[in-house]
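Chains, contacts and geometry: an overview
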Amino acid sequence: MEQTNNGVVGGAATTPGAQRRVLVVEDDQTIVEAIAVRLRAEGFQVQTACDGPAAVDTAEAWQPDLLVLDVMLPGFDGLEVCRRVQAQRPVPVLMLTARDDETDMLVGLGVGADDYMTKPFSMRELAARVHVLLRRVERATQAATTPRTGILRLGELEIDHAQRRVRVRGEDVHLTPTEFDLLVCLANTPRAVLSREQLLAEVWDWADASGTRTVDSHIKALRRKIGAERIRTVHGVGYALETPATPAT
């Protein structure tokens, strides 16, 4: 397979990532090359950028299907890259961070990232996360063309499956695609406790228990948007979506 000067893999890919474009933004040359090699082996077309301004320009010109985006970058950081790219067009973002800092993770989710990984990570897991995020986009597209009818109402919380919109007390709440899927998963069995492993498998298609902190961070981000009281933590088990009690008759 031949690589062009701009970093795009030439030739027709036959692996699962065929024809999907991934922009890798990372200033560490060793890491960016390792990620690019692995994703190309998975069949993705890949371009790379090493600083914030180049990432935004490349995303606008190349229109990638997904970004693998480091938080710490020259020029301006990955959070600003995420804000600017999402302002151009919605695109799934997998953020990379060298710091196991929960605040950084929540800020990243808040500016439009869909998932995060903390360095060091395995290339196998990174490739799996990329596939998962792209499958989620495909599922969302299919849901938009064949929507479920009606709106699910749980007290002051409304979930509109057709439009993938959420309202609390009649006010729209902006959720990332991952947050929406997580909320729907909990809402499918209100008040029932779902383990972190169950949520990881259902929402992320990821069965490795090492990813359960990803669930915790997304739950915290979701709580900030819909109200902390609406999601109950069952320590050592998982989470449940609280609903108004049914009046006794």
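It should be noted that the structure appears before, not after, this text.
Residues numbered from 1 in each chain as written. Predicted model: local features only at pLDDT ≥ 70, side-chain atom pairs only at ≥ 80, totals over all residues. Heavy atoms only, no water.

Across a regular strand the side chains alternate sides, sitting on one face of the sheet and then on the other. Pairing analysis gives 4 bridges linking strand E11 (residues 231–234) to strand E12 (residues 238–241), with the strands arranged antiparallel. Counted as the bridge partner of Arg-232 is Ala-240 from E12. The loop that links E11 with its antiparallel partner E12 comprises 3 residues; one of these, Gly-236, has a positive phi angle of about 80 degrees. (Pairing = 2+ DSSP bridges. Helix = DSSP H or I, 4+ residues; strand = E, 2+ residues; numbered from the N terminus.)

Core analysis: the biggest nonpolar cluster contains 29 residues, and Leu-183, Leu-186, Leu-199, Trp-204, Ile-231 and Leu-241 have the highest contact counts within it. Only helix H5 (123–145), strand E7 (157–160), strand E8 (165–168), helix H6 (177–187), helix H7 (196–204), helix H8 (212–226) and E12 provide two or more residues apiece to this core. The greatest single-element share of this core, amounting to 7 residues, is contributed by H6. Setting aside residues no more than four positions away along its own chain, Trp-204 makes contact with Asp-115, Val-132, Arg-136, Thr-178, Leu-182, Leu-199, Thr-214, Val-215 and His-218. One finds Leu-23, Phe-76, Met-95 and Met-105 within the second-largest nonpolar core, a separate group that totals 23 residues. (Core = buried A, V, L, I, M, F, W, Y, C linked by side-chain atoms within 4.5 Å. Buried < 20%, exposed > 50% of the residue type's maximum accessible area, 1.4 Å probe, protein only. Contact = heavy atoms within 4.5 Å.)

For the rest of this paragraph, the subject is the environment of Gln-163. Looking at where Gln-163 falls in the secondary structure, it is placed in the loop between E7 and E8. Taking the relative accessible area as the measure of exposure, Gln-163 reaches 46% and is therefore partly exposed. Separated by 12 residues in sequence, Gln-163 and Ile-151 have C-alpha atoms that sit 9.7 Å apart. Polar side-chain contacts of Gln-163 include one of 3.2 Å to the side chain of Arg-165. (Polar contact = N/O pair within 3.5 Å; in protein donor to acceptor, adjacent residues only side chain to side chain.)

A full pass over the atoms with the stated rule returns 2 cavities of 30 Å³ or more. Every residue along the wall of the largest cavity is listed here: Val-71, Met-95, Leu-96, Thr-97, Asp-104, Met-105, Gly-108, Leu-109, Ala-113 and Tyr-116. Elements with a minimum of two residues in the lining of the largest cavity: strand E4 (93–97) and helix H4 (102–110). Across the lining of the largest cavity, the residue classes tally to 7 nonpolar, 2 polar and 1 charged. (1 Å grid on protein atoms, 1.4 Å probe; cavity = no way out; pocket = protein on both sides within 12 Å on 5 of 7 lines; lining within 4 Å. Points joined across faces, edges and corners; volume = space filled by probe spheres on them. Nonpolar A, V, L, I, M, F, W, Y, C, P; charged D, E, K, R; others polar.)

Let us now look at the sheet that holds strand E10 (residues 194–195). What the 3 strands build is an open sheet, ordered E10-E12-E11; its pairing is antiparallel. Each edge of the open sheet carries a strand with a single partner, namely E10 and E11. Where H6 meets the sheet, it contacts E10, E11 and E12, and its direction lies at approximately 75 degrees from that of E12. (Axes fitted to C-alpha atoms, helices over the stretch in contact; angles between N-to-C directions.)

Moving on: the side chain of Arg-196. Here Arg-196 lies in helix H7. Classification of Arg-196 by relative accessible area gives buried; the value is 18%.

Two strands pair when backbone bridges link them, and E7 and E8 are joined in this way by 4 bridges, in the antiparallel orientation. Within the sheet, the bridge partner assigned to Ile-159 lies in E8 and is Val-166. What sits between E7 and E8 in their antiparallel hairpin is a turn of 4 residues, with Arg-164 showing a positive phi close to 50 degrees.

Note on placement: Leu-194 falls in strand E10. Considering only alpha carbons, one finds Leu-194 and Tyr-239, 45 residues apart in sequence, at a separation of 5.5 Å. In this structure, Leu-194 is in contact with Cys-185, Leu-186, Thr-189, Leu-199, Val-237, Gly-238 and Tyr-239, ignoring residues within four places of it in sequence.

Before going further, it helps to examine the environment of Val-81. Turning to its location among the elements, Val-81 is positioned in helix H3 (residues 78–88). The exposure class assigned to Val-81 is buried, which follows from its relative accessible area of 0%. Through-space distance from the C-alpha of Val-81 to that of Asp-70 is 9.6 Å; in sequence the pair is 11 residues apart. Not counting residues within four places of it along the chain, the set of residues in contact with Val-81 comprises Gly-52, Ala-55, Val-56, Leu-67, Leu-69, Leu-73 and Phe-76.

What follows is about the packing of aromatic side chains. Enumeration according to the criterion identifies 0 aromatic pairs in this entry. Here the guanidinium or amino end of Arg-84 rests over the ring plane of Phe-76, the centre of that ring lying 4.2 Å away. (Phe/Tyr/Trp six-rings, centres within 6.5 Å; stacked < 30°, edge-to-face > 60°. Lys NZ or Arg CZ within 6 Å of the ring centre and 35° of its normal.)

In this section: the sheet that holds strand E6 (residues 151–154). Reading across from one edge, E6-E7-E8-E9 is the order of the 4 strands in this open sheet, with antiparallel pairing throughout. One side of each edge strand has no neighbouring strand; the edge strands of this open sheet are E6 and strand E9 (171–173). On average, each strand axis in the sheet is tilted by 25 degrees relative to the strand beside it, whichever way the strands run. Sheet analysis places E8 next to E9, joined by 3 bridges and oriented antiparallel. Note on E9: the bridge partner recorded for Val-168 is Glu-171. The sheet contacts of H6 involve E6, E7 and E8, and relative to E7 the element is tilted by about 110 degrees.

Any link to function would need more than the numbers given here.
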